[in-house]
There are 2 protein chains.
Amino acid sequence: MDRAEIDQVRRFNRTVTERVGVLHDHYLGRDRPVGEARLLWEIGEQGQDVRRLRERLGLDSGYVSRLLRSLETDGLVTVEPQPRDRRVRTVRLTDAGRAERAALDRRSDELAGSLLEPLNAAQRVRLVAAMAEVDRLLTAATVALDGADPDHPDAQHCLRSYFTELQERFETGFDPARSLLPDAGELRPPHGLFLVARLHGEPVGCAGLKLPPGAPAEVKRMWVAPHTRGLGLGRRLLAELESRAARHGHDVLRLDTNKALGAAIGLYHSYGFEEVTAFNDEPYAHHWFEKRITTASSE
Amino acid sequence: MDRAEIDQVRRFNRTVTERVGVLHDHYLGRDRPVGEARLLWEIGEQGQDVRRLRERLGLDSGYVSRLLRSLETDGLVTVEPQPRDRRVRTVRLTDAGRAERAALDRRSDELAGSLLEPLNAAQRVRLVAAMAEVDRLLTAATVALDGADPDHPDAQHCLRSYFTELQERFETGFDPARSLLPDAGELRPPHGLFLVARLHGEPVGCAGLKLPPGAPAEVKRMWVAPHTRGLGLGRRLLAELESRAARHGHDVLRLDTNKALGAAIGLYHSYGFEEVTAFNDEPYAHHWFEKRITTASSE
DNA sequence: CCGGTTCTCTGACTAGAGTCAGAGAATGGA
DNA sequence: TCCATTCTCTGACTCTAGTCAGAGAACCGG
């Protein structure tokens with residue numbers, strides 16, 4: 001990371017916190033404390049459990065309770081116990097609350113507009129494009145990769161999505177029973193491992209690795225959520241698997257894949273995999289890839 | 001301004017305030033309230049008058065006074081009356097203060113680094129480039145254009161810089177006495193007007209307009225500070241002058257310029273001016289331009 | 001139906017970031 | 001010289017945005 005890069009990031013931080021930050025408070029904190037506004041926003045059109053709200057915003061339970069009471073006395077929300085578990089309470093917007101939320105929405109639009117307003121059309125196009133790029137890359141940088149048990153709810157969520165997607169995309173559909181599926185034991189230590197990628201706590205990708213002693217390490221069940229594609233997440237998962245495989249003493253990484261998964265095949269090529277002849281008889285595979293790995297590899 | 005643009009700006013605002021904002025507080029507000037840290041930073045290496053500090057940060061005088069006392073009791077600054085006007089007080093960093101400020105500097109670097117850290121080299125390059133673009137265009141959008149009297153200190157500052165620059169850039173140097181200079185009266189109502197562009201309150205550009213009844217309006221003394229060039233500020237000044245000239249009933253805008261000012265000549269061409277034969281005998285002019293204007297023109 | 005757990009609420013605090021109204025010293029202009 | 005103005009400081013508040021420690025209701029498993 002060189003000096004010029006750091007300096008540019010600092011200039012960016014300064015300009016943005018000044019310009020966006022100040023306007024943000026000006027527009028959104030107008031007649032309601034920011035905390036309440038955030039809460040109002042997060043409740044959403046269909047209501048939310050208090051517990052989920054707390055998690056999403058990372059706030060103290062006492063604090064949320066107080067904020068909600070304040071919104072309630074203003075007639076913006078109703079709080080009622082859930083029928084099936086009366087400890088949990090559900091918040092719902094009243095009509096007034098919905099109106100207030102719409103007002104916040106309008107203000108966010110105004111804020112965005114006020115940033116663009118002084119610029120001419122050409123500048124606007126360039127600013128929006130640059131913002132999209134910053135947004136995309138900062139989001140990419142926010143995704144965290146962690147080891148997880150394949151039975152963890154987040155891992156399960158990813159795997160279900162993965163199978164659903166295979167079912168939709170494979171010409172022949174996908175029936176887990178017909179495939180060479182590793183059982184969960186093969187994807188947890190000491191026989192392998194499983195990674196989950198999370199964005200703001202939500203699972204958005206996964207990848208498994210089999211580590212058979214004396215044989216090549218094998219990538220299994222790599223999946224990236226559709227809304228986070230294009231962030232380089234697949235590449236990051238591969239890199240992480242590769243370095244972990246190397247740390248476990250493996251010097252070859254391999255995988256098989258279906259011809260319907262074009263983007264993945266492209267990634268394997270560009271990441272340094274080479275196509276090889278079939279090393280298993282997975283009925284859903286059309287391509288088999290291998291990559292020689294070294295401990296020093298870092299991307 | 002279309003919906004897609006607004007939405008992208010809103011996504012950007014959200015990502016950036018979350019990612020940069022949260023880290024900002026985490027890194028910079030570590031062992032010192034953000035208010036004090038900002039002040040410490042703004043005092044700078046060579047010290048500042050309390051009054052200027054207040055202006056720069058837009059804070060209440062009582063509040064600043066209290067913050068300074070707190071920094072003083074921590075041994076980070078000294079506050080002393082200015083010798084020439086003992087009402088005004090000057091703040092200076094002590095050695096401890098300088099060390100603390102250096103620590104803040106390091107943290108800003110760390111913050112910047114932490115944004116780049118999860119990305120690979122290619123992504124980093126793209127992020128930094130996009131940040132530079134956003135920074136540049138948001139800065140451009142922050143510049144305010146206001147009418148001003150040509151004798152106003154900010155206008156005078158611009159004009160002095162303008163003349164100095166002409167002196168340096170013209171092959172023959174520049175001697176105001178030899179040039180066809182409008183007197184200040186011609187650049188203030190009702191005979192004309194004068195615009196000053198300001199960034200965070202600092203003058204960074206100017207432009208004058210002569211409005212002789214029954215004759216073409218004439219652009220005079222247009223200047224943009226070197227560090228704000230490339231922001232489209234010249235174009236904005238021209239557009240503003242054009243619309244004001246139109247509002248005063250003029251339908252032609254004209255100007256003369258020196259061959260040394262290549263960027264300006266390029267701007268005049270691209271803005272829609274056409275070169276014409278000399279309409280005056282300004283000794284420093286090599287090119288004369290004219291543009292037909294309409295009331296409806298907007299850029 | 002008992003005991004531990006989960007979930008929400010209340011009360012009691014704290015710190016930060018300001019705002020507002022003077023008071024009191026210095027200064028500058030008539 | 002004196003009066004208005006400028007500049008800084010002090011005291012007295014306010015509002016956000018939390019944190020922490022229980023208390024009490026509801027639920028769940030054995």
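Residues numbered from 1 in each chain as written. Chains lettered and ligands numbered in written order. Predicted model: local features only at pLDDT ≥ 70, side-chain atom pairs only at ≥ 80, totals over all residues. Heavy atoms only, no water.

J.: Just to check I follow, could you spell out the protein's contact with DNA strand C for this structure?
T.: Neighbouring DNA strand C are 22 residues; R54(A), R66(A), R89(A), Y63(B) and R86(B) lie closest to it. Backbone sugar and phosphate groups make up 67% of those atoms of DNA strand C lying within 4 Å of the protein. In this structure, R87(A) approaches DNA strand C through a side-chain N or O atom, which is 3.2 Å from a base oxygen. The element that contributes the greatest number of residues to the surface near DNA strand C is helix α4 (residues 61–73) of chain A, accounting for five residues. Counted by class, the surface near DNA strand C contains six nonpolar, four polar and 12 charged residues. (Near = heavy atom within 4 Å. Polar contact = N/O pair within 3.5 Å; in protein donor to acceptor, adjacent residues only side chain to side chain. Helix = DSSP H or I, 4+ residues; strand = E, 2+ residues; numbered from the N terminus. Nonpolar A, V, L, I, M, F, W, Y, C, P; charged D, E, K, R; others polar.)

J.: Would you mind showing me how to read the environment of H287(B) here?
T.: All names here are of chain B. Within the secondary structure, H287 sits in strand β10 (residues 287–292). For the pair H287 and I265, spaced 22 residues apart in the sequence, the C-alpha separation amounts to 8.4 Å. Among the polar contacts listed, one links the side chain of H287 to the side chain of E275, at a separation of 2.6 Å.

J.: How should the domain arrangement of chain A be read in this particular structure?
T.: Interface size is commonly expressed as the accessible surface area that is lost when the partners come together. Along its sequence, chain A is organised into domain 1 (3–118) and domain 2 (144–292). Placing the centre of domain 1 of chain A and that of domain 2 of chain A at their C-alpha centroids yields a distance of 37 Å. (Domains from an automatic or database assignment.)

J.: Is there a simple way to think about the interface of chain B and chain A in this case?
T.: Listed per partner, the contact involves 56 residues of chain B and 56 residues of chain A. Between chain B and chain A, roughly 5100 Å² of surface is buried when both sides are summed, and carbon and sulfur atoms account for 65% of that area. Scanning the region where chain B abuts chain A turns up seven salt bridges. Measuring nitrogen to oxygen at the nearest pair gives 4.0 Å for the salt bridge that ties D135(B) to R11(A). Seen at the junction of chain B and chain A, the total is 12 residue pairs in polar contact (both at pLDDT 80 or more). Of all the elements in the fold, those that place two or more residues in the side of chain B that touches chain A are α1 (3–28), α2 (34–43), α5 (95–116), α6 (121–142) and α8 (233–247) of chain B. It is α6(B) that provides the largest number of residues to the side of chain B that touches chain A, a total of 19 residues. (Contact = heavy atoms within 4.5 Å. Buried area = accessible area lost by both parts, 1.4 Å probe. Salt bridge = Lys/Arg side-chain N within 4 Å of Asp/Glu carboxyl O.)

J.: Sorry, what's going on with the nonpolar core here?
T.: Formed by 46 residues in total, the largest nonpolar core has its most connected members in F12(A), V134(A), F12(B) and V134(B). The set of elements that each furnish at least two residues to this core consists of α1 (3–28), α5 (95–116) and α6 (121–142) of chain A together with α1, α5 and α6 of chain B. Discounting residues that sit within four places of it in the chain, F12(A) has contacts with V134(A), F12(B), V16(B), V20(B), M131(B), V134(B) and D135(B). (Core = buried A, V, L, I, M, F, W, Y, C linked by side-chain atoms within 4.5 Å. Buried < 20%, exposed > 50% of the residue type's maximum accessible area, 1.4 Å probe, protein only.)

J.: Please explain the sheet that holds strand β3 (residues 89–93) of chain B as it appears in this structure.
T.: Consider a sheet: its strands pair through backbone hydrogen bonds, and that pairing is either parallel or antiparallel. Residues and elements named next belong to chain B. Across the sheet, which stays open at both edges, the three strands sit in the order β1-β3-β2 with antiparallel pairing between neighbours. Edge positions in the open sheet fall to β1 (48–49) and β2 (77–81), since each of these has one partner strand only. Where β1 meets β3, two bridges bridge the pair, whose relative direction is antiparallel. Bridged to D49 within β3 is T90. Seen against the sheet, α2 touches β1, β2 and β3 and runs at an angle of roughly 95 degrees to β3. (Pairing = 2+ DSSP bridges. Axes fitted to C-alpha atoms, helices over the stretch in contact; angles between N-to-C directions.)

J.: Help me out: how do you make sense of the state of the cysteines in this one?
T.: Simply put, the disulfide is a covalent bond whose two ends are the sulfur atoms of two cysteines. Residues and elements named next belong to chain A. The full count for this structure, using the stated rule, is zero disulfides over all chains. Between C206, a free cysteine, and C158, which holds the nearest cysteine sulfur, the sulfur-to-sulfur gap is 4.5 Å. What makes C206 buried here is its relative accessible area of 0%. (Disulfide = S-S within 2.5 Å.)

J.: Sorry, what's going on with unusual backbone geometry here?
T.: Residues and elements named next belong to chain A. Between P189 and P190 the backbone carries a cis peptide bond, its omega angle lying at 5 degrees. Despite not being glycine, R221 has its phi angle at roughly 55 degrees, a positive value. Position of R221 relative to the elements: it lies in strand β7 (residues 217–224).

J.: Any chance you could explain the packing of aromatic side chains here in plain terms?
T.: Between two aromatic rings, the relevant description is the distance of the centres plus the angle of the planes. Residue and element names in this part refer to chain B. This model, assessed by the stated rule, comprises 17 aromatic pairs over all chains. Summarising the aromatic geometry, the rings of Y268 and F289 are spaced 5.6 Å apart at their centres and angled 50 degrees between planes, so their arrangement reads as tilted. Of this pair, Y268 sits in helix α9 (residues 262–271) while F289 sits in strand β10; the two residues are 21 residues apart in sequence, bridging distant segments of the chain. Residue classification places F289 among the buried positions, given a relative accessible area of 0%. (Phe/Tyr/Trp six-rings, centres within 6.5 Å; stacked < 30°, edge-to-face > 60°.)

J.: What's the story with the protein's contact with DNA strand D in this structure? I'm lost.
T.: Close contacts around DNA strand D come from 23 residues, with Y63(A), R86(A), R54(B), R66(B) and R89(B) the closest. For DNA strand D, the backbone makes up 66% of the atoms found within 4 Å of the protein, where backbone means sugar plus phosphate. Measuring from a phosphate oxygen of DNA strand D, one finds a side-chain N or O atom of R54(B) at 2.7 Å. Note that a base oxygen of DNA strand D is positioned 3.1 Å from one of the side-chain N or O atoms of R87(B). Secondary structure elements with two or more residues in the surface near DNA strand D: α2 (34–43) and α4 of chain A together with α3 (50–57) and α4 (61–73) of chain B. If you tally residues by element for the surface near DNA strand D, the top one is α4(B), at five residues. A breakdown of the residues in the surface near DNA strand D according to their chemical character gives six nonpolar, four polar and 13 charged.

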